[in-house]
Amino acid sequence: MRLYQRDSYATRFQAQVVRAWSDEKGHYAVLSETLFYPESGGQPADTGVLKGAFGEVRVLHAYEEGKAFGDVVHVLSAPMPEGVEVEGEIDWPRRFRHMQRHTAQHLLSQALLRAGGYHTVAVSLDGPICTVDLEEEAEEARLQEAEALANFAVYADYPVEAFFVSQEELAQYPLRRPPKVQGKVRLVRIGDFDLAACGGTHLKTSAQAGPIKVLRWERYKGGSRVHFLAGWEALEDYHAKHALLMRLALGFSTHPLDLEKPIQKLREELYALKGENLALRESLVQALLPRALEEGVLLVPGPILGELAKRLLEWSGRDFLLVSPEGRFALLGPRRQEILERLKALGAKGGGKEVVQGSLPKDKVAAALDPGLVS
Ligand SMILES: [Zn+2]
């Protein structure tokens, strides 16, 4: 007996352990009835506890044994005896979020059908960001319409009802999508907005699923995949994004919705400064080149050390040592390895092929600049 289909707001139940077993992967139990929703239809399984004379075990996962309407298998944190009475309790905050995601998905799938003629072929409700896969390629404008329509359905506060019908009766119901099961079929009706065959857990009214926010879409398997958030999780996302925008706006002394302007200005300033910096470095290299050629050993600003060394490679018949005030150095010329050994005596570390680069202690910079070191 699947108690969650009778009352999706019930959190506790009594049952008997019909079967219990263990294998190398874990411990399992099947109960006479259960509130634990087994993972299916894109909705994750419930978790919770089972208590009895044996103590308390956690329900880590629940799944259907075999195909549709097999027994619900509870995956347990510890083994449990067969035949005993148990009291079960599901993790309600987790379930409520699942019901928000799932009911919102019904609303959004219907809204997508109405706004764009889009057909839902698969859903994933595993994380706060849920997805609906559509048979068709979506259009941005139609998705915006669908989002608005889904939220109108939220504010319309439609009742959500679930009921069983026989195969014969099924023809009278205009379903959004045909059932995947045979025999008695469970239908879920959301006011006069949506009607679909579904075995999942739903909210009492559409209002509890809101807000519904479409985040983005992408092309997927010849159709499209739409990402959305619903209920508490949409509100949490809004909270996080709002807080971030407020912090950024404070830093720029502007309104959150005017942030693009100062960021664009900053970007333009950065590009201009990069250009200026490049020109300044080049003129500094040009200015220092004659002195480097004349003196062989030279104190140079760190940022142009590598560039200046590269230019000096043209005069490869001679040795050059460039040192920055911070202790970085570049060394090139036929005797570079021999000079490196002398620098190592000062505590230098470094390596390289044509140009040896490295660093030495700051207080040894003056000693390294002694022309005698290179001669
Ligand atoms: Zn459903």
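Residues numbered from 1 in each chain as written. Predicted model: local features only at pLDDT ≥ 70, side-chain atom pairs only at ≥ 80, totals over all residues. Heavy atoms only, no water.

You'll find the protein entered in an unreviewed UniProt entry as Alanyl-tRNA editing protein, with Thermus thermamylovorans given as the organism. The Subcellular location (unreviewed entry) comment attached to the protein in UniProt states, word for word, "Cytoplasm". Here the protein is described in UniProt, under the heading Cofactor (unreviewed entry), as follows: "Zn(2+)". (UniProt positions renumbered as here; feature names shortened; annotations may be inferred.)

Evaluation of the coordinates by the stated rule reveals seven aromatic pairs. The interplanar angle of 75° and the centroid separation of 6.0 Å between the aromatic rings of Phe 13 and Phe 36 together place this pair among those described as edge-to-face. Pair noted here: Phe 13 is in strand β1 (residues 12-23) and Phe 36 is in the loop between β2 (26-31) and β3 (48-52), with a separation of 23 residues, a long-range link. With relative accessibility at 6%, the residue Phe 13 sits in the buried group. Centre to centre, the rings of Trp 21 and Tyr 28 are 5.4 Å apart; their planes meet at 20°, and the pair counts as stacked. For Trp 21, a relative accessible area of 28% translates into the label partly exposed. (Phe/Tyr/Trp six-rings, centres within 6.5 Å; stacked < 30°, edge-to-face > 60°. Helix = DSSP H or I, 4+ residues; strand = E, 2+ residues; numbered from the N terminus. Buried < 20%, exposed > 50% of the residue type's maximum accessible area, 1.4 Å probe, protein only.)

Let us now look at the coordination of the zinc ion. Protein-derived coordination of the zinc ion comes from His 102 (NE2), His 106 (NE2), Cys 198 (SG) and His 202 (NE2), at a distance range of 1.9 to 2.2 Å. Viewed at the metal, the four donor atoms of the zinc ion are separated by angles of 100 to 123°, and the geometry they form is tetrahedral. Sequence positions of the residues that donate to the zinc ion give the spacing H-x3-H-x91-C-x3-H. Owing to a relative accessible area of 6%, His 202 belongs among the buried residues under this scheme. (Donors = N, O, S within 2.8 Å, 3.2 Å for Na, K, Ca; no water. Tetrahedral: all angles 85-135°; square planar, octahedral: opposite > 155°, others 65-115°.)

This paragraph deals with the domain arrangement of the protein. You can read the domains of the protein as domain 1 (3-90), domain 2 (95-239) and domain 3 (289-373). The C-alpha centroid of domain 2 is placed 27 Å from the C-alpha centroid of domain 1. Across the domain 1/domain 2 interface, buried area totals approximately 1400 Å², and carbon plus sulfur atoms make up 51% of it. Per-residue buried area on domain 1 facing domain 2 is highest for Gln 5, Tyr 9 and Gln 43; these three make up 42% of the total on that side. Along the contact surface separating domain 1 from domain 2 lie one salt bridge. Here Arg 95 ties to Asp 46 by a salt bridge, and the two come within 2.7 Å at their closest N and O atoms. Put simply, domain 1 and domain 2 have ten residue pairs in polar contact (both at pLDDT 80 or more) between them. When the residues that make up the side of domain 1 that touches domain 2 are grouped by side-chain class, the tally is nine nonpolar, five polar and one charged. (Domains from an automatic or database assignment. Buried area = accessible area lost by both parts, 1.4 Å probe. Salt bridge = Lys/Arg side-chain N within 4 Å of Asp/Glu carboxyl O. Polar contact = N/O pair within 3.5 Å; in protein donor to acceptor, adjacent residues only side chain to side chain. Nonpolar A, V, L, I, M, F, W, Y, C, P; charged D, E, K, R; others polar.)

Spatially, β14-β15-β16-β18-β17 is the arrangement adopted by the five strands of the open sheet, whose pairing is mixed. On the outer flanks of this sheet lie β14 (297-299) and β17 (349-351), each paired with one strand and no other. Neighbour-to-neighbour, the strand axes of this sheet turn through a mean angle of 15°, independent of strand direction. Sheet topology note: the strand β15 (residues 320-323)/strand β16 (residues 328-332) ladder contains four bridges and is antiparallel. Counterpart to Leu 322 in the pairing with β16 is Ala 330. Packing of helix α7 (residues 336-344) onto the sheet brings it into contact with β15, β16, β17 and β18 (356-359), and relative to β16 it is tilted by some 150°. (Pairing = 2+ DSSP bridges. Axes fitted to C-alpha atoms, helices over the stretch in contact; angles between N-to-C directions. Contact = heavy atoms within 4.5 Å.)

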